[in-house]
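Residues per chain are reported as follows:
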Amino acid sequence: MVIDIAIASDKDHADILADVVGHPAGAPTVEELDYMCSNFDAEEIRRHLSTLEDAGIVQISELEPVPSPSDSPTQFAKLTSDARERLNAEGLFPQEAWQRQYTAVEKPPRIKELEALPRPRS
């Protein structure tokens, strides 16, 4: 698959991509992205993630649903390994820098709960 990293230069896609890269587990849920990217609603985030997925930059992974009182999400967005290689080669979206930025944001209990969820392995 050809990776279209040019799409990452679009501000909206870049905002979401930065939070995918910065997430402590590298695979945020839409709800986590919705909190971090307050200028988008969940539907807009899904649309942008779909575009990034079509470009080969992110992969949406599924986790088998587990019965839980907290309505745990089952979909997670993660950077593809090919995209990470291309972004590294271009010097774009350095993981350590974006993780520091992500970690510095104050998060409510629900987002902290989501961050602690298990993630798909691949």
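For the structure itself, consult the block above.
Report follows, based on the coordinates. (Residues numbered from 1 in each chain as written. Predicted model: local features only at pLDDT ≥ 70, side-chain atom pairs only at ≥ 80, totals over all residues. Heavy atoms only, no water.)

### What to know about the packing of aromatic side chains
Turning to step 1, where the next piece is worked out: Inspection of every chain in the model, using the stated rule, returns one aromatic pair.
Turning to step 2, where the next piece is worked out: Ring centres 6.3 Å apart and planes at 35° place the aromatic pair Phe93 and Trp98 in the tilted group.
Turning to step 3, where the next piece is worked out: We classify Phe93 as buried; its relative accessible area is 11%.
Turning to step 4, where the next piece is worked out: Its relative accessible area of 31% is what places Trp98 among the partly exposed residues. (Phe/Tyr/Trp six-rings, centres within 6.5 Å; stacked < 30°, edge-to-face > 60°. Buried < 20%, exposed > 50% of the residue type's maximum accessible area, 1.4 Å probe, protein only.)

### So, the pattern of salt bridges
Turning to step 1, where the next piece is worked out: A full pass over the atoms with the stated rule returns six salt bridges.
Turning to step 2, where the next piece is worked out: For Arg110, the salt bridge goes to Glu113, with nearest N and O atoms at 3.0 Å. You can see Arg110 and its partner Glu113 sitting in helix α6 (residues 109-115), three residues apart, about one turn around the helix.
Turning to step 3, where the next piece is worked out: A relative accessible area of 24% places Arg110 in the partly exposed class.
Turning to step 4, where the next piece is worked out: Residue classification places Glu113 among the partly exposed positions, given a relative accessible area of 35%.
Turning to step 5, where the next piece is worked out: The network of salt bridges with shared partners includes Glu31, Arg110 and Glu113. (Salt bridge = Lys/Arg side-chain N within 4 Å of Asp/Glu carboxyl O. Helix = DSSP H or I, 4+ residues; strand = E, 2+ residues; numbered from the N terminus.)

### Considering helix α4 (residues 81-90)
Since one α-helical turn is 3.6 residues long, residues separated by three or four positions face the same way.
Turning to step 1, where the next piece is worked out: Inspection of α4 places Ala83, Arg84 and Leu87 among the buried residues, and these make up the whole buried set. Down the axis, α4 shows its buried residues gathered within 100° of arc, on one side only. The exposed set on the far side of α4, more than 90 degrees from its buried face, consists of Ser81, Glu85 and Ala89.
Turning to step 2, where the next piece is worked out: In this fold, the buried residues of α4 make contact with α1 (11-22), β2 (75-79) and α5 (95-104).
Turning to step 3, where the next piece is worked out: Where α4 terminates, the next one or two residues include Gly91, which has phi positive at roughly 70°. (Arc of directions from axis to C-beta. Contact = heavy atoms within 4.5 Å.)

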